[in-house]
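In case you want the letters, here they are:
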Amino acid sequence: MTYQPRKQKPITPDTFLRGIWRENPVFVMLLGLCPTLAVTNSTINAIGMGLATTFVLLGSSLLVSLLRNLIPKQVRIASYIVIIATFVTIVDYAIHALSLELYNALGAFIQLIVANCVILGRAESYASKNRITKSLVNALGMGVGFTFALLCLGSVREILGSGTLLGFPLFGDSFQPWVVMILPPGGFFVTGAWLLLFSWLQERRQRKAAKEEEAIHAPG
Amino acid sequence: MHPGDLSFIFLNAFIINNFVLAYFLGLCPFLGVSGKLDTAWNMGLATTFVMFVSSVCAYGINLLLVKYDLVFLRLICYIAVIASAVQLVEMMVKKFSPTLFRALGIFLPLITTNCAILGLALFQTFKEYSFLQSIVYSIGAGAGFTLALMLMAGLRTRMDLADVPAISRGAALSFMLAGMLSLTFMGFAGLGGH
Amino acid sequence: MTMEVKSPVPPMPSSMAMIRVLALIALFAGLSVVLVVHFTDPVIREKELQALEQAVFKVIPGVEPESAVRISYSLNAKGLVRLEDDAAGAANLFAVFDGSGKLAGIALQGAAQGYQDVVRTLYGYDPECECIIGLTIMKSTDTPGMGDKHTVEANHAFMDNFRHLSVKLTADKGSVAHPVETVKHGTKTEEWQVDAISGATITSRAIGKGLRQSTGELLPLIARHLQEISKIPRNKEKSGTEVKKR
């Protein structure tokens, strides 16, 4: 957990925004990879998974934040796990009722949202220390950031692996899809490539900042 | 081979549908503790052990839940019971076998919320495995996890000496390596399909 | 869990307090899950039934779903049991009758290990010509673009195998005379052979093997119960509307 709780601070745009970019759960914090890489072989699956996770994040943050003064420290992890598992079960049944196709595509991985470290991490390090609205805003930011990351993975894999986006063909008939992209190795490769891009951006920003600093301190 | 054969279940969990390389389960420890070979081995052992324990627990719970028609509580029960079972085991190992505890101890709490454990419990339920099949499946999955972890550790020790661009050091490179491993393991698909 | 306790631990609360909180949370969990299940379960059942029905009518060509009647059975060596619609998930045999009350075909399930995981199929069996008359893939996680459901079902040459695949029984009705056999692409010579998809041989073999096992096991049993199966149950007889109303 990288930051300390700041209870007295009001909600700033940063409460919401940091989850999307600077503390993006997937690309920066490398959390919650396990149950998600497997289902990002198409854009629609990625969106479904992202929304489901966002819902669980919001629900568990709300409840944990609401009960934060009631839960004794010794049983907090057990309480969080039960709360998270409840919301995941709800989402599981909801998706099943809404769309059989999506449910079959996601399979057991909806239930595996329980083991997504992002959610437990939010409950433990943020919701248990902050007011309800603030926790909710932060959870929403994290959820959006998570969905964004899945979308990045899912769209690239679908475009390269099936030559479609959201099911619509993008290229002509002559396009030979890179089937490997929608298979497990493709998940690793695309994630690796996105991580490269992110660390390159980060390095460039740092270099720029260093240069500016140098310019300020330069004599004359 | 028939999909229900014990030997096939083992092979399937071990290499064909390796938990890490085909299902992406247990990626956090896979990336986190695959730095050294001996740590990877211990982690693998501990995970196999926990998988075995939770597989037995999950089988029992599922029997009960199906009997009383409460399958919708499955997820909540699984995660709660597995987490507490692992903690109990940890305490017992600590008390009765300090040597074993020293080897596995620090990893046990890490593993409890490893997605591979819950994944195993859920998959064995969805595949409707019998008690014996579940146990074989859990051992196969654990062995597969250990194999993937050790292969990765071996690769990474070598990659430490390689001259790669600074930005690709760390996670990005690990993912690329894992991708290649996963590609290799795809060659096992189709085993036992005749 | 890797979370460390950073702030100083407050004095240990009494066990009662802990139990109270956990009980409260468990109560909330149970209540909300039961509520959600209560409202979604009927929808889920209805949708699954609908999906199954669509698949069943797909593998038995020539019947109009509007006027047809589908009866679910569970068939094994012990005997034949008729199931109601809400238990159709446990059925392994679906008899389909056309508008005039004549048995149009029987839908059965097949499953065998494919490239990645088990390939599940549903196929239509016509006891009159003793042949398979249609097939659809229920589940296949084999290589997308080669052995997955959509690619296989879009391959007309392969699907034509199952328009009229002979599964004649031996004279004593004890087994299938020529079990279904999958052969390499372009080498089909007999009417009980399945011409594999080139590039997805293992998936084709799995489909063929699923059919071979399922027909070998069920067709002799069907032959034994054929009289019972081919009669439309009385309470379903005139209400062909019962099935289609949703």
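Treat the numbers as computed from the prediction; the structure is a model and nothing was measured.

J.: Explanation requested: the overall build of chain A in the structure shown.
T.: Looking only at helices and strands, one finds eight helices and two strands in chain A. Seen through its principal axes, chain A has C-alpha atoms that stretch 65 × 60 × 25 Å. Here chain A holds 220 residues, and the buried ones make up 55% of them. Sequence-distant contacts in chain A: of pairs separated by 6 or more residues, those separated by 24 or more amount to 73%. Here chain A has roughly 9,600 Å² of accessible surface; of this, 65% comes from carbon and sulfur atoms. The average position of the 18 basic charges and that of the 11 acidic charges among the side chains of chain A differ by 13 Å.

J.: Help me understand the packing of helix H3 (residues 43-66) of chain A against helix H6 (residues 117-127) of chain A, please; the structure alone is not making it clear to me.
T.: The description of two helices packed together rests on the angle between their axes and the distance between the axes. Residues and elements named next belong to chain A. Put simply, H3 and H6 touch, their axes get as near as 10 Å, and they point 30 degrees apart. The angle between H3 and H6 falls in the class roughly parallel. Between H3 and H6 lies a crossing of right-handed hand. Between H3, through Thr53, Val56, Leu57, Ser60, Ser61, Val64 and Ser65, and H6, the contact on the second element is made entirely by Val118, Ile119, Arg122, Ala123 and Ala127. Here the contact of H3 with H6 is composed, by residue class, of seven nonpolar, four polar and one charged.

J.: Is there a simple way to think about the side chain of Glu130 of chain C in this case?
T.: Residue and element names in this part refer to chain C. With respect to the element layout, Glu130 can be found in the loop between strand S5 (118-126) and strand S6 (131-139). Assessed through its relative accessible area of 15%, Glu130 is described here as buried. Leaving out residues up to four positions away in the same chain, Glu130 has contacts with Tyr125, Ser166, Val167, Lys168, Leu169 and Lys173.

J.: I'm lost on the side chain of Ser60 of chain A in this one. Help?
T.: Residue and element names in this part refer to chain A. The topology assignment puts Ser60 in helix H3. Assessed through its relative accessible area of 1%, Ser60 is described here as buried. From its side chain, Ser60 meets the backbone oxygen of Val56 in a polar contact 2.8 Å long. Beyond its immediate sequence surroundings of up to four residues, Ser60 is in contact with Ile83, Ile84, Phe87 and Ile119.

J.: Sorry if this is basic, but what is going on with the interface of chain B and chain A here?
T.: Much of the literature gives interface size as the accessible area that the parts lose upon coming together. Taken together, the contact pairs 34 residues of chain B with 34 residues of chain A. Note on chain B versus chain A: buried area summed over both sides is about 3,100 Å², and carbon and sulfur give 86% of it. Area buried by chain B at its contact with chain A is led by Phe24, Ile167 and Phe175 of chain B, which between them contribute 24% of it. Seen at the junction of chain B and chain A, the total is zero salt bridges. Between the two partners, chain B and chain A, sit zero residue pairs in polar contact (both at pLDDT 80 or more). In terms of residue count, the dominant contributor to the side of chain B that touches chain A is helix H9 (residues 171-185) of chain B (nine residues). By residue class, the composition of the side of chain B that touches chain A is 28 nonpolar, six polar and no charged.

J.: Help me understand a nonpolar patch on the surface in this model?
T.: A grouping of Ile44, Leu165, Leu166, Phe168, Leu170 and Phe171 of chain A is seen on the molecular surface, where their side chains present a nonpolar patch of about 580 Å² in accessible area. Locating Phe168 of chain A in the fold gives a position in strand S2 (residues 168-169).

J.: So what exactly am I meant to see when it comes to the state of the cysteines here?
T.: In protein chemistry, a disulfide is the covalent bond that joins the sulfur atoms of two cysteines. By the definition in use, this model includes one disulfide over all chains. Counting only cysteine sulfurs, Cys57 of chain B is the nearest neighbor of Cys77 of chain B, a cysteine outside any disulfide, at a range of 12 Å.

J.: Would you take a moment to explain helix H7 (residues 132-162) of chain A for this structure?
T.: For the α-helix, the turn length of 3.6 residues means that residues three or four positions removed from each other point alike. An ideal rise of 1.5 Å per residue puts 45 Å on 31 residues; H7 of chain A measures up with 43 Å between its terminal C-alpha atoms. Positive phi appears at Gly163 of chain A, one or two residues downstream of H7 of chain A, with a value of about 70 degrees.

J.: Looking at this structure, I do not really get the packing of helix H3 (residues 37-67) of chain B against helix H4 (residues 74-96) of chain B. What am I missing?
T.: Residue and element names in this part refer to chain B. Contact geometry for H3 and H4: axes closest at 9 Å, N-to-C directions at 140 degrees. Compared by their axis directions, H3 and H4 come out oblique. Our pair here, H3 against H4, has a crossing hand that is right-handed. Contacts from Phe49, Val50, Val53, Ser54, Cys57, Ala58, Ile61, Asn62 and Leu65 of H3 reach H4 at Arg74, Cys77, Tyr78, Val81, Ile82, Ala85, Val86 and Val89. Broken down by class, the residue content of the contact of H3 with H4 amounts to 14 nonpolar, two polar and one charged.

J.: Is there a simple way to think about the sheet that holds strand S1 (residues 69-76) of chain C in this case?
T.: The strands making up a sheet are joined through hydrogen bonds of the backbone, oriented either antiparallel or parallel. All names here are of chain C. Across the sheet, which stays open at both edges, the seven strands sit in the order S2-S1-S3-S4-S5-S6-S7 with antiparallel pairing between neighbours. Both edges of this open sheet fall to strand S2 (79-83) and strand S7 (165-166), since each of them pairs with a single strand only. Bridge analysis of strand S4 (residues 103-113) against S5 gives eight bridges, and the strand direction is antiparallel. Within S5, the residue paired with Gly110 across the bridge is Thr121. Relative to the sheet, helix H1 (residues 15-59) contacts S1, strand S3 (93-97), S4, S5 and S6, its axis offset from that of S6 by approximately 150 degrees.

J.: Would you explain the packing of aromatic side chains in this entry?
T.: Note on aromatic pairs: each is described by the distance of the centres and the angle between the planes. Considering all chains together, one arrives at 14 aromatic pairs over all chains under this definition. Relative to Phe123 of chain B, the ring of Phe109 of chain A has its centre 6.2 Å away and its plane inclined at 70 degrees; by these criteria the two rings are edge-to-face. On the criterion of chain membership, the pair formed by Phe109 of chain A in the loop between helix H5 (100-106) and H6 and Phe123 of chain B in helix H7 (residues 115-126) is interchain, its members lying in two chains. Taking the relative accessible area as the measure of exposure, Phe109 of chain A reaches 10% and is therefore buried.

J.: Would you explain the pattern of salt bridges in this entry?
T.: Residues and elements named next belong to chain A. Enumeration according to the criterion identifies five salt bridges over all chains in this entry. In this structure, Glu124 engages Arg76 in a salt bridge whose closest nitrogen and oxygen atoms are separated by 3.2 Å. Within this pair, whereas Glu124 is found in helix H6, its partner Arg76 is found in helix H4 (residues 76-98), the two being separated by 48 residues in sequence. Take Glu124 and Arg76: they sit in the same class, and that class is buried. Here Arg207 and Glu203 are joined by a salt bridge, their closest N and O atoms 3.7 Å apart. With Arg207 and Glu203 both in helix H8 (residues 184-217) and four residues apart, the pair spans about one turn of that helix.

J.: Sorry if this is basic, but what is going on with the environment of Gly216 of chain C here?
T.: Along the chain, Gly216 of chain C falls in helix H4 (residues 201-229). The exposure class assigned to Gly216 of chain C is partly exposed, which follows from its relative accessible area of 36%.

What counts as what
Residues numbered from 1 in each chain as written. Chains lettered and ligands numbered in written order. Predicted model: local features only at pLDDT ≥ 70, side-chain atom pairs only at ≥ 80, totals over all residues. Heavy atoms only, no water. Helix = DSSP H or I, 4+ residues; strand = E, 2+ residues; numbered from the N terminus. Buried < 20%, exposed > 50% of the residue type's maximum accessible area, 1.4 Å probe, protein only. Contact = heavy atoms within 4.5 Å. Areas by Shrake-Rupley, 256 points an atom, 1.4 Å probe, with all protein chains shown as cover. Lys, Arg positive; Asp, Glu negative; His and termini not counted. Charge placed at Lys NZ, Arg CZ, Asp CG, Glu CD. Axes fitted to C-alpha atoms, helices over the stretch in contact; angles between N-to-C directions. Parallel < 35°, antiparallel > 145°, perpendicular 65-115°, else oblique. Left-handed = near helix turned anticlockwise from the far one by under 90°. Nonpolar A, V, L, I, M, F, W, Y, C, P; charged D, E, K, R; others polar. Polar contact = N/O pair within 3.5 Å; in protein donor to acceptor, adjacent residues only side chain to side chain. Buried area = accessible area lost by both parts, 1.4 Å probe. Salt bridge = Lys/Arg side-chain N within 4 Å of Asp/Glu carboxyl O. Patch = residues over 30% accessible without salt bridge, like charges linked within 9 Å, V, L, I, M, F, W, Y side chains within 5 Å. Disulfide = S-S within 2.5 Å. Expected span 1.5 Å × (residues − 1). Pairing = 2+ DSSP bridges. Phe/Tyr/Trp six-rings, centres within 6.5 Å; stacked < 30°, edge-to-face > 60°.

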